[in-house]
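Summary of the model geometry
Given next are the chains, with one letter for each unit.
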Amino acid sequence: SAVAVMSVSDQEITPTVESRVSDSEPSPFVAPLDPHAGQTRKQGVDLGVVLSAAYDDNIFLSDDNAQSDLVLRAAPSIGYRKGDRDTQDGGYLKMAYRPTGVVYTQGNSDNRVDHEVGLAVGVRGKSVAFDYTAAYGKLGDATPDVGQEADRQVLDHVVRIAWIPREKLALELAAGQSIAEYTDKVLLDSRDTFGEIALRYAYSPKTRVGLVYRAGRFEVDDADDQTYHRVTANMEWQPREKLRVEVAAGGEKRKYSAGSSVTPVLEGRVDWTPSEKTNFYLNAYRRELASAFSVGQNYRLTGVSAGVSHKLHDKWSAHLE
């Protein structure tokens, strides 16, 4: 994938090349292991565009009907930023909109325009903080469950409140919902509603750990509701300036009308940046999801991805994943 990036760092909503790895939202309250922390971030309106050409040998994510194509994407974007999440005191607002035109050069699929909108707003005091994030998408890409393109609308929003007794410690309470509604009525709409409590601690400037408990209810059309309880331990570790490790591991107990199951939960990422222009990364994940294709069934999604990104000039970079 060859990508031209112009001034999009402030309002980037999703990666240019999707890693298909993690849907978790990092805590906005404990300072991240950010090599650029403390630098002045851009305020106001920001305009940009991402142009990409990527070869994909399985555009439908299908296990029995793999089709390849060269996919062209053009994604102009507009964003606005006021304030900064990483500051110790004050409010912040960040919002962005990005349409993405997708063209399949070999005609193996229908061309389309996806739409994404993102919002983050909140206020942070010395000991109490509030944050609300929302992301809306009107998408048409393929999903691993359906094995074909699936026109859908998705909405994710989370409200999070934190008590920060000390600079390095945060106790968080959160509630949120994820909604997926499909245009094709053969596919099943779903709603995931959850509550969460998390304890996060910055052990050192190079290490941050956390313990998260989440309880939720998963509703799928034409099927009985599912309830789940999930416990995960998280760690962010940066032993060297050029090496960074993020791991979340735990388990989930999910209850169905016909019984229950216990499955492992895994999210992991390793980044190695040998120079300012080059970044290598490795992702791994495992999670259980309710099917939008088969009534009353779940599937387990497991995968790994690795890649390298190299900055050629100020506005050009090349990716191989």
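Note that the coordinates shown come from a computational prediction; the quantities given were computed from them, not determined experimentally.

Here is what the cut-offs are and how they apply
- Residues numbered from 1 in each chain as written.
- Predicted model: local features only at pLDDT ≥ 70, side-chain atom pairs only at ≥ 80, totals over all residues.
- Heavy atoms only, no water.
- Helix = DSSP H or I, 4+ residues; strand = E, 2+ residues; numbered from the N terminus.
- Buried < 20%, exposed > 50% of the residue type's maximum accessible area, 1.4 Å probe, protein only.
- Contact = heavy atoms within 4.5 Å.
- Areas by Shrake-Rupley, 256 points an atom, 1.4 Å probe, with all protein chains shown as cover.
- Polar contact = N/O pair within 3.5 Å; in protein donor to acceptor, adjacent residues only side chain to side chain.
- Pairing = 2+ DSSP bridges.
- Core = buried A, V, L, I, M, F, W, Y, C linked by side-chain atoms within 4.5 Å.

Summing up its helical and strand segments, the protein has 0 helices and 16 strands in all. When the 321 residues of the protein are sorted by exposure, 37% land in the buried category. Across the protein, the fraction of contacts at a sequence separation of at least 24, relative to all contacts at a separation of at least 6, is 52%. On the protein, roughly 17,800 Å² of surface is accessible, and the fraction owed to carbon and sulfur atoms is 58%.

Right, let's get into the environment of Asp69. Take Asp69: it is sitting in strand β3 (residues 69-82). Sequence-wise, Asp69 and Asn58 are 11 residues apart; in three dimensions their C-alpha atoms are separated by 7.9 Å. With near-sequence residues (within four places) excluded, Asp69 lies in contact with Ala54, Tyr55, Asp56, Ile59, Tyr104, Thr105, Gln106, Gly107 and Asn108. Side-chain polar atoms of Asp69 contact the backbone nitrogen of Gln106, separated by 2.9 Å.

In terms of strand pairing, strand β14 (residues 278-290) meets strand β15 (residues 298-311) through 13 bridges, oriented antiparallel. Bridging from a neighbouring strand, Leu289 pairs with Tyr299 of β15. Two elements, β15 and strand β16 (residues 316-320), share 4 bridges in a ladder whose sense is antiparallel. Of the residues in β16, the one forming a bridge with His310 is Ala318. Hairpin connection between β15 and β16: a loop of 4 residues separates the two successive antiparallel strands.

What follows concerns unusual backbone geometry. The phi dihedral of Leu61 is positive, around 55 degrees, even though this residue is not glycine. Mapped onto the fold, Leu61 is located in the loop between β2 (44-56) and β3.

Attention shifts here to the environment of Arg81. Relative to the assigned elements, Arg81 resides in strand β3. Residues Arg81 and Gln43, 38 residues apart in the sequence, show an inter-C-alpha distance of 5.2 Å.

Turning next to the nonpolar core. Judged by nonpolar contacts, Val146, Ala150, Val154, Ala180, Tyr182, Leu187 and Ala292 together constitute the single largest core of 7 residues. Listed in part, the 5 residues of the second largest apolar core include Ile59, Phe60, Val102 and Tyr104.

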